[in-house]
Amino acid sequence: MSVIPYLLTCLALAVFIVSVAARIKRYLNKPLHVRWELYPVAHDAERASYGGSYLEDVDWWKKPRKKSMMGELSFMVPEILLLRGVWENNRSLWYRSYPFHLGLYLTAAFMGLVFLGGVLELFGFNLGSGSVIGSIIIALTNVIGPAGFLLAICGAVALFHRRISDSSLREYSSFGHFFSLALFIVVMATAIATWLFADPGFAMARSFAAGLVGMKWSPIPSHLFTAQIVLGAILLAYIPITHMSHFFMKYFLWHDIRWGDEPNIDKPATDRKIGEVLNYPVTWSAPHIAISGKKTWAEIATHNPMAETENTKE
Amino acid sequence: MANSPIHFKDFGKDTIQFRHISPDDLSPLPGDFENKPWTPLSEEVKEKYAAILDDTCILPIPMPKTKEEEEELVNKFISGMRKLFQRENNWTFLAMLETTMEHCAKCQTCSESCHLYEATGGDEMYRPNFRTEIFRRIYQKYVKKDPLARWRHGDIDLNWRTVARLGELAYRCNICRRCAQACPIGVDNALVAREIRKIFSQEMGIACPELHEKGSMLQLKTGSSTQMTGMVVKDNMDFIDEDFSEETGFSFKTPWDVEGADILLIHNAGEIMAWPENIAAFHIIFEAAGLSWTLSSELAGYDSINYGVFYDDVQFARTAILQAQAAKKLGVKKIVIAECGHAHKALTVIADRVLPEPLKVPRESYLPLLRDIVLSGKIEFDPSRNDFPVTLHDPCNMTRLMGIIRPQREIVKALCPQFREMTPHGAFNYCCGGGSGYAIMHRNNIEEWRMKVAGRKKLSQILGAFSDCRGPEAKKYVAAPCSNCKGQIRDMIKNYGLMENETLAYGGIVELVVNAMKAVNPGFIKWEEYG
Ligand code: SF4
Ligand code: SF4
């Protein structure tokens, strides 16, 4: 029985990685899509500040385009770390959503610190020996962990309350939404209880991490801690199979679609893809499309269903 | 009834009308304007079409008369929805659509950015996510067939009323994508409106006649949705050349089908009939600047419109291909698109990954070219001729969707001493209310809806820009470099009596340029013609 939390954690990690990879792969396997950008496009080095684009130049295709990675980063970092879009467009929700998200970021950082500490201990480094590195890791873990749990639970409760009490959110919220938030609340409450009553210095957590990595799956000395591990594993596996996968898919929605302003100039790969999609079969049924003998996009798009009906030059 | 709560379960209910927006609930306008009640839809319309959403009927869905017809409507809709999620049938937008289905957090952060939601006093039906949520629930339950759909995504009743209302609801959105701009995740509610329109057109054969039969199909047949063939358009252009040469004192002759010209200029052919002064202004400027340019009389080569952009990918591709073929035939160096917003985006941006290699020809907006001409000193201007308050409307297609923001400002700032911005503007502008095809629609209360709801925010913005010079004494001008936007603004000026009460004229940017040209007789812009 003592191996169950370890097994569950491994399984949850595997589900997490596979689900994330599968979603990304699925997106990357999508056919070429048309351009559908939306300005401001953050990587436009000179014009992002006012929403401009290279299309503001005469003969734009002859001019070098100045793309800036920094531009994307300077937009994305506050967007992700501070939820800038929600701050600007939905302030009252931000007061609830931001603590929740910040709590999750801190919890993720806490998990990183726990694993770092655990692995160091696995290799014989005694964190508690008074070394600077050890002290820093312990101090950060002790501050970031509880802060993360508290912020996340407060945010989740506030969001749950808002979803129930605000009719514009309630009508759109499914059982799944409430279940997700409830799961966060339970997981964070368990984490807080574990911290308060079973593992105040997170030594148990580090030893679990060390055991997991070093494959020494020794029994866990606390039921509360075991419960935390099991619930945490469930949450980890659950997140990427829900709409919350937006936390990584957002990259594609922004980078590939919203900022996808790459023109098809000297791009043999794009031309090849256009050739490919134009040869896809079409089965739309409306009479102006379902024309006998015309099966592919190329055939249908180059066929003028009205051409025979009138001499266009008369 | 407006602003009363809405429940998704009621969307398919057997009621005569799902929603009624009370004129009293509409957002206030800056001025003393009466909110008249809706004109009731005629009995004939109600009998013929499934006009069961609200007080307007835009998409003519035939009213099903039998159980079988009701079932057929649902089955065809689901069949079309399935095709939307197939790579072969919808490679164009599959990536955007699927991510929009999967990643919405239902946070409603996008709501306040929608001018329709604001205009209706925050009516739930106009929340950008409302239509998407219905579509999403149908998709999860009936297309993706998620066995837990009801719990994971929420439930929805699917019957012919749900389908008819959703089809009509796809036409309560300007597809301006302002809501998409506000979404922190990158979800696109505007796209969903367009995808629903695609199901109706591409699968069910149901589309707005102005966009389809009298729009894209007519363009494929005659070359232009105005019904003008190449011959007719040339005749009309001769008149424009003659009339405006005489009137302006600047003699010009429009060049046709000049092989090897640098520029193929494509107008929205609607301008030729409705605003010939816009056409003349372009041609005067191009001649005065000494450009090598031509028009084409090839099929669709003289009409930049591409209504497929609003409702149908196949019609979109067909039109874009014809336009590119016209340019290739003449061997021009580039296509320059005149004052038409959707044509800008269609041919420059969307067609970029539709046109195959042999049809690739560089395409650009007229605005950077015009800016360079105006600032180059090649033409002499007298900005005092434009010394009246001018504001600028930003067509969504050129600004939010293409990032062309500064050239038009550099032009009006150079030539219009009393230029003032609307708030907000540029990439964050508001749609005129005619966007996605409505500006050319007048039947079944559509114009009333455009005036009351869709154009409300723009009207308020225009009047706000002129807050220091309200009243009939000061002549004012709103520059809208897009045919559709101009049509909408023209109708608003008429509907709200803004010529009489505000002496407000409208037009494009090229008219302002010619109005300030020293080589042209003064008074190119004539307020009396707008009365
Ligand atoms: S579309 Fe975006 S902003 Fe709107 S509800 Fe969905 S996630 Fe929130
Ligand atoms: S696209 Fe424009 S009109 Fe449509 S819902 Fe979004 S903001 Fe409103």
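The sections below set out a description of the structure shown in this document. (Residues numbered from 1 in each chain as written. Chains lettered and ligands numbered in written order. Predicted model: local features only at pLDDT ≥ 70, side-chain atom pairs only at ≥ 80, totals over all residues. Heavy atoms only, no water.)

**Regarding the side chain of Glu502(B)**
All names here are of chain B.
Okay, step 1: Mapped onto the elements of the fold, Glu502 is located in helix H23 (residues 498–502).
Okay, step 2: Classification of Glu502 as buried rests on a relative accessible area of 7%.
Okay, step 3: Sequence-distant contacts of Glu502, defined by excluding residues within four places in its chain, comprise Leu463, Arg470, Gly471, Pro472, Ala474, Lys476 and Gly497. (Helix = DSSP H or I, 4+ residues; strand = E, 2+ residues; numbered from the N terminus. Buried < 20%, exposed > 50% of the residue type's maximum accessible area, 1.4 Å probe, protein only. Contact = heavy atoms within 4.5 Å.)

**Things to note about the packing of aromatic side chains**
Okay, step 1: This structure, assessed with the given rule, holds 43 aromatic pairs over all chains.
Okay, step 2: Taken together, a centroid distance of 5.3 Å and an interplanar angle of 90° make the contact between Phe33(B) and Tyr496(B) edge-to-face. In this pair, Phe33(B) is assigned in the segment before helix H1 (43–48) and Tyr496(B) in the loop between helix H22 (483–495) and H23, connecting sequence segments 463 residues apart.
Okay, step 3: Classification of Tyr496(B) by relative accessible area gives buried; the value is 10%.
Okay, step 4: With 6.3 Å between their ring centres and 55° between their planes, Phe388(B) and Tyr477(B) make a pair best called tilted. Within this pair, whereas Phe388(B) is found in the loop between helix H18 (366–376) and strand S5 (390–392), its partner Tyr477(B) is found in strand S7 (residues 476–479), the two being separated by 89 residues in sequence.
Okay, step 5: For Tyr477(B), a relative accessible area of 0% gives the class buried.
Okay, step 6: Taken together, the ring pairs in this structure connect Tyr172(A), Phe8(B), Phe11(B), Phe18(B) and Phe130(B) into an aromatic cluster. (Phe/Tyr/Trp six-rings, centres within 6.5 Å; stacked < 30°, edge-to-face > 60°.)

**Thoughts on empty space enclosed by the protein**
All names here are of chain B.
Okay, step 1: Counted by the stated rule, this structure contains six cavities of 30 Å³ or more.
Okay, step 2: A volume near 200 Å³ is recorded for the largest cavity.
Okay, step 3: Mapped onto the lining of the largest cavity, the elements with two or more residues apiece are helix H15 (308–311), helix H17 (341–349) and H22.
Okay, step 4: Here the second largest cavity defines a volume of roughly 130 Å³.
Okay, step 5: Along the wall of the second largest cavity there are 18 residues; nearest its centre are Cys114, Leu116, Pro128, Cys173 and Cys179.
Okay, step 6: Secondary-structure elements contributing two or more residues to the lining of the second largest cavity are helix H5 (115–119), helix H6 (128–143), helix H9 (178–182) and helix H10 (189–203).
Okay, step 7: Residues of the lining of the second largest cavity, tallied by class, amount to nine nonpolar, four polar and five charged. (1 Å grid on protein atoms, 1.4 Å probe; cavity = no way out; pocket = protein on both sides within 12 Å on 5 of 7 lines; lining within 4 Å. Points joined across faces, edges and corners; volume = space filled by probe spheres on them. Nonpolar A, V, L, I, M, F, W, Y, C, P; charged D, E, K, R; others polar.)

**What about the site of ligand 1?**
Okay, step 1: Near ligand 1 there are 13 residues, and of these Cys104(B), Cys107(B), Gln108(B), Cys110(B) and Cys183(B) occur at the shortest range.
Okay, step 2: Along the lines of polarity and charge, the residues of the shell around ligand 1 split into eight nonpolar, four polar and one charged. (Near = heavy atom within 4 Å.)

**Notes on the packing of helix H11 (residues 212–222) of chain B against helix H16 (residues 313–330) of chain B**
Residues and elements named next belong to chain B.
Okay, step 1: Their axes nearest at 9 Å, the elements H11 and H16 cross at an angle of 35°. In terms of crossing hand, the pair formed by H11 and H16 is left-handed. Side by side, H11 and H16 meet where His212, Ser216, Met217, Gln219 and Leu220 of the first sit next to Gln315, Arg318, Thr319, Leu322 and Gln323 of the second.
Okay, step 2: Classifying every residue of the contact of H11 with H16 by side-chain character gives three nonpolar, six polar and one charged. (Axes fitted to C-alpha atoms, helices over the stretch in contact; angles between N-to-C directions. Left-handed = near helix turned anticlockwise from the far one by under 90°.)

**Overview of the site of ligand 2**
All names here are of chain B.
Okay, step 1: Around ligand 2, the neighbouring residues are Cys114, His115, Leu116, Pro128, Cys173, Asn174, Ile175, Cys176, Arg177, Arg178, Cys179 and Ala190.
Okay, step 2: Among the detected pockets, ligand 2 sits in the second largest cavity.
Okay, step 3: Of all the secondary-structure elements, those providing two or more residues to the shell around ligand 2 are H5 and H9. (Sits in = over half its atoms within 2 Å of the grid points.)

**Here's the deal with the interface of chain B and chain A**
Okay, step 1: Opposite the 101 residues of chain B that make contact, chain A presents 85 residues.
Okay, step 2: For the pair chain B and chain A, the summed buried surface comes to about 8400 Å²; carbon and sulfur atoms form 58% of the total.
Okay, step 3: Of all residues in chain B, Trp91(B), Arg318(B) and Arg353(B) give up the largest surface area on contact with chain A, accounting jointly for 11% of the area buried on that side.
Okay, step 4: Inspection of the region where chain B meets chain A yields six salt bridges.
Okay, step 5: The interface formed by chain B and chain A contains 58 residue pairs in polar contact (both at pLDDT 80 or more).
Okay, step 6: The class makeup of the residues in the side of chain B that touches chain A is 43 nonpolar, 26 polar and 32 charged. (Buried area = accessible area lost by both parts, 1.4 Å probe. Salt bridge = Lys/Arg side-chain N within 4 Å of Asp/Glu carboxyl O. Polar contact = N/O pair within 3.5 Å; in protein donor to acceptor, adjacent residues only side chain to side chain.)

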